[in-house]
Amino acid sequence: MGEQKIRSKLKKLVIVFLIVCSIIVGVSRCLLGSVTELYAESVQGRLEERALQYKKSFLFKMNSDLQTLRAMACILEDTTTENTTPEETGRLLSNLWDAGSTVGFVRLCYFSQDGTGMQLTAQGQPVAIEISDETAEMQSAIQQALQGNSLCSRAFYDPMLGYNTVGYATPVYTFGKISGVLACSVSTEAYADILSSIGAVSDIGAAAVLSSDGAVVASTRTHQTQGFYDLHGSAYLSVGACEEFSQALAGEETKFFEFESGDLLLYACVMPMGICSDKIVIVDTDKGISDAVSGVVDYAHLIGVMFGVTSIVFVMAVLYINRRHGRQLLQVAYHDRLTGAYNRDKFFQLLDQNWKENMVYVVASVNIRKFKYINELFSPVRSNQLLKDICTVLKRHIEPGEFFCRDTADTFVIALKTLDRDTVRERLEGIFAEIKASCTSIPANYPISFYCGCAYTSDCSSKSRNEELMSHVMMALSNAKQTQQANISFYDAEIHKKEKLQAFIENRMEYALESGEFQMFLQPKMDLNRGTLSGAEALVRWVVDENQTIFPDQFIPIFERNGFCVQLDYYMVEQACKQIRAWIDAGLSPVPISVNQTKLLLYEEDYVQRICAIAQRYEIPGHYIVLEILEGLALENPEQVSERIGQLHAHGFRISMDDFGTGYSSLNTLSQIPIDELKLDRSFLLQAHRSKEYNRRKILEVVIEVAKWLHISTVAEGIETAEHVQLMREMHCDYGQGYYYSKPIPAERFTKTFLLPNAQSADL
Ligand code: C2E
Ligand code: MG
Ligand code: MG
């Protein structure tokens, strides 16, 4: 991966990381918001619940006070008349007082229709009083009672008692008519008792009953509430909070809000009492019951902040490391430690860039011959110095746009822009010479030598071009290693193809023989005068699969070299015998089959025995098999060959000399070895056919004549036209073989084409 690519990947990574972090922070903020909202709602719910509890208790208290007053009024109704004097009324009130004071009445009054009345307080003595002496709140309640309503007033300051009270009034009937009003006062301390008995949500919380103008009617008796709700001068409430309270007290709905007091966040609930304009107020913190929730929210906040900070620190660290150590990392990643030259990765990276720009290079892999021994002889330290010296020389020699790397151990790969082979050679030789001259670590008398494989980038087209290129370079390198003379070798596609095929052939030959991939094709040998079939030649075909057939000229030379031809030829003799047996068994008249024999066979000690054994296995008389030997063999060792031929003749086999005319044999050879047939190479026929080649023609005529004289039949190879037939007939050649009659064809087709028609005509 290139430096640019790494940087842009890193950049992308950081951006993605930041985006992911932002999303996480965003999502967690939303979640926290929701949790906080839910939490606030739960605090509100609890405050409201508690306010409702207060409200119910207040209503219960008021109802029961009013019930008590009503009961007292009923007692008065039964005991008073229109003529009851104020003194009697005072006595009656005194009788009722005990009951009233036990439920918290602090004053009990009776007013008649004319506005005069009596009152009784904790002092004990009834006192005359008039409605007009009462506070506005009490007067209003009395007036409504005179209208027939039983009710409770809002809280008010009673100047006669000197503290806040709530007044109750209920009508008193005489003979069905309202004769007066019974009224009582209850200290607001009773409300304070209720507030204190239930308690606020937490220890810090405070509850109160406030009138709509902000006056405190009653409040919980904790030190925090002393003056807490004084909207005009509270030490606890800010101006903003006082305003919020004033608005909530003026309204008719339950209100919630938050405010800060000192370092506390407080939540407030203001709820109307319902029966008068007073409001129940509860203020609490988020402590106490909500501590757990609050703790979770706090932790979540903390974790969120820590995550954000860690992410930022991480990104900064990555950027810092990238900036500070990027170069060092790249140096380690793309350079060879010992020499400081580029390494293979960097070399391919540069090559990749050049592929894109369609630049053509000669890539040369340079190796030191016997570097292993240099290492052992002169110590690794000195060998390392040699590698460093090579690197220095290469740096000096490469031109702009060229580059090199140290691949492995003693292998350097250079990309040269010079394309001409001779100039490449010249440049490389120059480099080698300079290395030898400048190297001080190895003694001057030690012959350092190099070998080098070169390939053109333009020869590579596959997707994995770098691999393809290096495989070309390696092939050229191994070629250069093998041939000691030329130390610089260029990759050759044709040679490579051949080498590939050779490797394939050698790897597969044994398997191919066992699995029957070698197939016998037959080419007819015709009687030139009669035009009838006189024999067939067995020619091997290697059918790898239906798409690939390999021809003998591709593998026979290889088999001749590696000796496998011996096995193949025995196999072909066996195939020929098998075929003749099949013809005999099918009732057809067999023709002799000629089988090509490698010269290696004739040097096999048990050659004759093995051939005989094969023929006997199929019960084939020897004369059905013609063994074709090459003319060169006769020259090599005529005596041994003649002896072998004699042994074969003894078993009836016939011998043909193949490709006569291609080697250096002379007519004299014919007299030296006892062959039965002479196969004139197709080059003879081709030359004789050209009318100008009179001498050639004459030579061919003489060869045929000599053969006849020696009782050797003649076969002309390469008969391709009717003219060829005519020419060879005129020359008294006996037989002909060639594409004119047929190409080599599978044995089955040969039988159908050449043997079956003969059999049918014979039947006729
Ligand atoms: P060969 O024995 O001289 O075989 C004749 C070759 O000439 C055959 O090639 C055949 O296909 C070709 N030929 C026949 N008629 C004509 C023609 O009219 N025109 C032309 N241009 N060519 C013709 P093939 O089958 O490719 O065999 C090549 C050579 O390989 C053979 O030459 C023989 O030396 C060798 N060979 C083939 N089969 C065997 C085998 O089983 N064992 C051994 N040791 N050698 C074999
Ligand atoms: Mg032949
Ligand atoms: Mg031949």
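Residues numbered from 1 in each chain as written. Chains lettered and ligands numbered in written order. Predicted model: local features only at pLDDT ≥ 70, side-chain atom pairs only at ≥ 80, totals over all residues. Heavy atoms only, no water.

1. A word on the overall build of the protein
Here's step 1: Check the secondary structure of the protein and you find 22 helices and 26 strands.
Here's step 2: Its C-alpha atoms give the protein a radius of gyration of 63 Å, clearly above 27 Å, the size a compact globule of 764 residues would have.
Here's step 3: For the protein, the C-alpha atoms occupy an extent of roughly 190 × 85 × 45 Å along the three principal directions.
Here's step 4: Pairs at least 24 residues apart make up 63% of the contacts formed inside the protein by residues separated by at least 6 positions.
Here's step 5: By element, 54% of the accessible surface of the protein is carried by carbon and sulfur atoms, the whole surface being about 39,400 Å².
Here's step 6: Separation between the mean location of the 70 positive side-chain charges and that of the 93 negative ones in the protein comes to 11 Å. (Helix = DSSP H or I, 4+ residues; strand = E, 2+ residues; numbered from the N terminus. Rg over C-alpha atoms; globule rule 2.2 N^0.38 Å. Contact = heavy atoms within 4.5 Å. Areas by Shrake-Rupley, 256 points an atom, 1.4 Å probe, with all protein chains shown as cover. Lys, Arg positive; Asp, Glu negative; His and termini not counted. Charge placed at Lys NZ, Arg CZ, Asp CG, Glu CD.)

2. Details of the coordination of the magnesium ion (ligand 2)
Each pair of donors in an ideal four-coordinate tetrahedral metal site encloses 109.5 degrees, whereas pairs in an ideal six-coordinate octahedral site enclose 90 or 180 degrees.
Here's step 1: Bound to the magnesium ion (ligand 2) are the protein donor atoms Glu537 (OE), Asn596 (OD1), Glu628 (OE) and Asp658 (OD), situated 2.0 to 2.3 Å from the metal.
Here's step 2: The metal-metal distance between the magnesium ion (ligand 2) and the magnesium ion (ligand 3) comes to 3.9 Å, with Asp658 coordinating both. On the criterion of sequence distance, the pair formed by Asn596 in strand β20 (residues 593–596) and Glu628 in strand β21 (residues 625–630) is long-range, its members being 32 residues apart. (Donors = N, O, S within 2.8 Å, 3.2 Å for Na, K, Ca; no water.)

3. Comments concerning the site of ligand 1
Here's step 1: Contacts to ligand 1 come from 23 residues, most closely from Asp569, Asn596, Asp658, Glu720 and Tyr739.
Here's step 2: Out of a free accessible area of 790 Å², ligand 1 has 83% covered by protein chains.
Here's step 3: At the level of secondary structure, the elements contributing two or more residues to the shell around ligand 1 comprise β18 (533–545), α12 (552–562), α13 (564–585) and β22 (654–660).
Here's step 4: The greatest single-element share of the shell around ligand 1, amounting to 4 residues, is contributed by β18. (Near = heavy atom within 4 Å.)

4. Focus on the coordination of the magnesium ion (ligand 3)
Here's step 1: Taken together, Asp658 (OD), Asp659 (OD), Glu717 (OE) and Glu717 (OE) make up the full set of protein donors to the magnesium ion (ligand 3), lying 2.0 to 2.8 Å away.
Here's step 2: Taken in chain order, the donor set of the magnesium ion (ligand 3) reads D-D-x57-E.

5. Observations regarding the domain arrangement of the protein
Here's step 1: Each domain of the protein was delimited in the assignment, giving domain 1 (3–185), domain 2 (190–293), domain 3 (335–491) and domain 4 (504–682 + 741–754).
Here's step 2: Taking only C-alpha atoms into account, the centre of domain 1 sits 104 Å from that of domain 3. (Domains from an automatic or database assignment.)

6. Points about helix α15 (residues 607–617)
Here's step 1: Of the residues making up α15, those classed as buried are Tyr607, Val608, Ile611, Cys612, Ile614 and Ala615. The buried residues of α15 occupy one face: seen down the axis, they fall within an arc of 160°. Residues Gln616 and Arg617 are exposed on α15 and point more than 90 degrees away from its buried face.
Here's step 2: Two residues or fewer after α15 comes Glu619, characterised by a positive phi angle close to 55°. (Buried < 20%, exposed > 50% of the residue type's maximum accessible area, 1.4 Å probe, protein only. Arc of directions from axis to C-beta.)

7. Structural notes on the environment of Leu528
Here's step 1: Here Leu528 is to be found in the loop between β17 (518–527) and β18.
Here's step 2: Under the relative-accessibility criterion, Leu528 is labelled buried at 1%.
Here's step 3: With 209 residues separating them in the primary sequence, Leu528 and Gln737 have C-alpha atoms 9.2 Å apart.
Here's step 4: Leaving out residues up to four positions away in the same chain, Leu528 has contacts with Val725, Met728, Arg729, Cys733, Asp734, Tyr735, Gly736 and Tyr741.

8. Looking at the packing of aromatic side chains
Here's step 1: Under the counting rule described, the total for this entry stands at 24 aromatic pairs.
Here's step 2: Aromatic pair Tyr361 and Phe403: ring centres 5.5 Å apart, planes at 65°, arrangement edge-to-face. Residue Tyr361 is located in the loop between α7 (344–356) and β12 (362–368), and its partner Phe403 is located in strand β13 (residues 403–406); the two are separated by 42 residues in the primary sequence. By the burial criterion, Tyr361 is buried, and Phe403 matches it.
Here's step 3: Here the aromatic rings of Phe750 and Phe754 are separated by 5.0 Å at their centres, their planes lie at 35°, and the arrangement is tilted. (Phe/Tyr/Trp six-rings, centres within 6.5 Å; stacked < 30°, edge-to-face > 60°.)

9. Observations concerning the environment of Asn367
Here's step 1: In this structure, Asn367 sits in strand β12.
Here's step 2: For Asn367, a relative accessible area of 8% gives the class buried.
Here's step 3: Sequence-wise, Asn367 and Val544 are 177 residues apart; in three dimensions their C-alpha atoms are separated by 39 Å.
Here's step 4: Aside from chain neighbours lying at most four places away, what touches Asn367 is Asp410, Thr411, Ser449, Phe450, Tyr451 and Leu477.

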